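# Close look at the chain arrangement
Below are the chains, spelled out letter by letter.
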Amino acid sequence: ASSILEQKRVETSLRGTQEDLRIIVEQAPIILISSAGTEEKVSYINPKFSELLGYRPDEMKSWDEWWSLVYHDGNYRRQVMSEWTSRVEAAISNKTAIEPLEVKVRCKDGSEKIIEWGFVSTGLKNVVFGVDLTQRKLAEREKESFQEKFLQAQKMEAIGTLAGGIAHDFNNLLQVVIGYAELLHTDDQFPTE
């Protein structure tokens, strides 16, 4: 009787853990895609995929569909596929995660996002995760633009200060010349004979 109670307790605990994991995966702020087998059939896509990219999970049943779905430009698609494949192959042979790959993807509405993709293989399952960097990259570009404008303003201020200093020095020299000219002019009005 105690083994049945113990088994029920373990099953209840396991169901609770599974429910916790399901909630975590479905609420994760990143895209999570699970695939299996050498044909890489997609077995799970979390809701963040549709939220960020606009595609329904049934629009991507395999990775072959994925490439043409989000990389419309053939040259860019081949470049990304080549880099991705080499990183994934290295990760699988080394039994490690890949070095994240940052790329532009085309969303269903035609907009573009910058996504950093990662990959982990458990042997039986492969998990791909994607982090949306679009807003961060936009903020970085705006910051760089602001810094460039600020540096340009500093340069202009420095040129203005330099020009003001030169004008001030020139004015001082000009006052001396004018003063001597006035003295010479005054000497001409009053001859010393």
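Now for a look at the structure at hand. (Residues numbered from 1 in each chain as written. Predicted model: local features only at pLDDT ≥ 70, side-chain atom pairs only at ≥ 80, totals over all residues. Heavy atoms only, no water.)

### Topic: the packing of aromatic side chains
As a reminder of what qualifies: Note on aromatic pairs: the rings of Phe, Tyr and Trp (six-membered ring only in Trp) are paired at centre separations within 6.5 Å, and the planes decide the class, stacked below 30 degrees, edge-to-face beyond 60, tilted for the rest. Here a strand is any run of E in DSSP of at least two residues, a helix any run of H or I of at least four, and the numbering for each starts at the N terminus. Exposure categories follow from relative accessible area, calculated using a 1.4 Å probe and restricted to protein chains: below 20% of the type maximum is buried, above 50% is exposed, and the middle band is partly exposed.
Taken as a whole and judged by the stated rule, the model has 6 aromatic pairs. Between W66 and W117, the aromatic rings sit 5.3 Å apart at their centres with planes inclined by 85°, giving edge-to-face as the arrangement. With W66 in helix 3 (residues 63-70) and W117 in strand 4 (residues 112-121), the pair connects residues that are 51 residues apart, well separated along the chain. With respect to class, W66 is no different from W117; both count as buried. Chaining the aromatic ring pairs together yields one cluster made of F49, W66, W67, Y71, Y76 and W117.

### Points about the pattern of salt bridges
Filter applied, for reference: The salt bridge definition used is simple: a Lys or Arg side-chain nitrogen within 4 Å of an Asp or Glu carboxyl oxygen.
Per the stated rule, a full pass over the model turns up 9 salt bridges. Where E19 meets R22, a salt bridge forms, and the shortest distance between an N and an O atom there is 2.5 Å. Of this pair, E19 and R22 both sit in helix 1 (residues 2-27), 3 residues apart, which is roughly one turn of the helix. Its relative accessible area of 38% is what places R22 among the partly exposed residues. Notably, a salt bridge pairs E51 with K48, separated by 2.9 Å at the nearest N-O pair. Here E51 pairs with K48, and both are found in helix 2 (residues 47-53), just 3 residues apart, close to one helical turn. Given a relative accessible area of 57%, E51 falls into the exposed group. Salt bridges sharing common partners tie together R56, D58, E59 and K108.

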